[in-house]
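Architecture at a glance
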Amino acid sequence: MIRIDKFLAMHGYGSRAQVKKLIHDQLVFVDGEVIKDPKIKVDETKAEVEVNGKQVTYEPYQYFLLNKPKGYISATSGNALTVLDLIEEPYPDLFPCGRLDKDTTGLLLITNNGPLAHRLLSPKHHVEKEYEVIVDLPLKEDLIQEFKKGIRLNAEELCQPADLIILSDYMCHLIIREGKFHQIKRMFQKVGYEVIELKRVRMKNLVLEDSLLPGTYRKLTKEEITELNQFE
Ligand code: URA
């Protein structure tokens, strides 16, 4: 059961105050009856909710794919600009699924689906994250084996095997299946390179398309959402 004002706010009908006005204006109906009290609770899975003659289908979760630009932090609040400052959506409770450094760009999933985010971020599920990396020195072929073996960051931290794909002298893709603090930068540091540019281009089935400009975002498709929720 959920309060009708919260239900409507999470379905994009604005802030609690805006929703209250809709109720006050007698535009909200539940199971055919006009609602007068924003505190009233409804069974969100069964109730037939209508706003201004339009049925509201129960959709608890929202998903957006953001192309994060540099200069934004992957948090919901803070002193710096956050990735949520780029999301102009009425839905409350959105958060970034995982972290990209302030100077890292690329794919970031923004959602309010906590259980899914937890599964995607758990190293147990080996969710693939693919990065485009530009380094300061020419890439050598034998790095492929080093990354495959697993890079040791320090006495406590050994990285799982990662796939390195060399694209040109200074550019490669690296696929990792966990998410340690500053992982990519530290892995390259260990093999004698400095990361100059870092961009995430894929997470699991979600691929960042070139047409999605930095600082913009789009909704996930139904197919993407279905596949994202499938785990082995
Ligand atoms: N690895 C890093 O070093 N930084 C990121 O932002 C993501 C992965």
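Computed from a predicted model, the values in this text were never measured in an experiment.

Its place among the elements puts H11 in the loop between α1 (4-10) and α2 (16-24). Assessed through its relative accessible area of 11%, H11 is described here as buried. Reaching out from H11, the side chain makes a polar contact with the backbone nitrogen of E59 at a distance of 2.8 Å.

This brings us to the sheet that holds strand β5 (residues 49-51). If you trace the 4 strands from one edge of the open sheet to the other, you get β3-β2-β5-β6, paired in antiparallel fashion. If you trace the sheet from one side to the other, it starts and ends with β3 (33-34) and β6 (54-56), each paired once. By the bridge criterion, 3 bridges tie β5 to β6 in an arrangement that is antiparallel. Counted as the bridge partner of E50 is Q55 from β6.

The next point concerns unusual backbone geometry. Even without being a glycine, N52 presents a positive backbone phi close to 50°. Within the secondary structure layout, N52 lies in the loop between β5 and β6. The exposure class assigned to N52 is exposed, which follows from its relative accessible area of 57%. Even without being a glycine, D93 presents a positive backbone phi close to 70°. Relative to the helices and strands, D93 resides in the loop between β7 (63-68) and β8 (95-96).

Time to look at the site of the ligand. Near the ligand you find L100, D101, T104, Y131, H182, Q183, I184, K185 and L198, and these make up its full shell. One of the backbone N or O atoms of H182 is found 3.2 Å from an oxygen atom in the ligand. Contact between the ligand and Q183: an oxygen atom at 3.5 Å from a main-chain N or O atom of the residue. Taking 240 Å² as the accessible area of the ligand by itself, protein coverage stands at 95%. Broken down by element, the residue count for the shell around the ligand peaks at 3 residues, all from helix α5 (residues 183-190). The residue inventory of the shell around the ligand, partitioned by class, reads 4 nonpolar, 3 polar and 2 charged.

For the rest of this paragraph, the subject is the pairing of β7. For β7, the tally of buried residues reaches 6 of 6 residues, placing the bulk of the element in the interior. Strand direction decides the pairing type here: β7 and strand β9 (residues 105-111), joined by 6 bridges, are antiparallel. Note on β9: the bridge partner recorded for K68 is G106. Relative to strand β15 (residues 217-219), β7 runs antiparallel, the two being bridged by 3 bridges.

Definitions and cut-offs
- Every chain is numbered independently, its residues counted from 1 as its sequence is written.
- For a predicted model such as this one, the threshold for reporting local features is a pLDDT of at least 70, and the threshold for listing and counting side-chain atom pairs is 80 or more; totals across whole chains, interfaces and linings nevertheless cover every residue.
- Values reported for side chains reflect all heavy atoms of the structure, with hydrogen atoms and water molecules removed beforehand.
- Strands here mean DSSP runs of E at least two residues long; helices mean DSSP runs of H or I at least four residues long; both are numbered from the N terminus.
- When a residue's accessible area, from a 1.4 Å probe over protein chains only, is under 20% of the maximum for its type it is buried; when over 50% it is exposed; and in between it is partly exposed.
- Any pair of nitrogen or oxygen atoms within 3.5 Å is treated as a polar contact; in protein, a donor-acceptor pairing is required on top of that, and neighbouring residues in sequence qualify only through side-chain atoms on both sides.
- By definition, two strands form a pair when at least two bridges between them are found by DSSP.
- We call a residue near a given molecule or strand whenever any one of its heavy atoms falls within 4 Å of it.
- What sets the accessible areas is the Shrake-Rupley method with a 1.4 Å probe; for residues, cover comes only from the shown protein chains.
- Three categories are distinguished: nonpolar for Ala, Val, Leu, Ile, Met, Phe, Trp, Tyr, Cys and Pro, charged for Asp, Glu, Lys and Arg, and polar for the others, with Gly belonging to the last.

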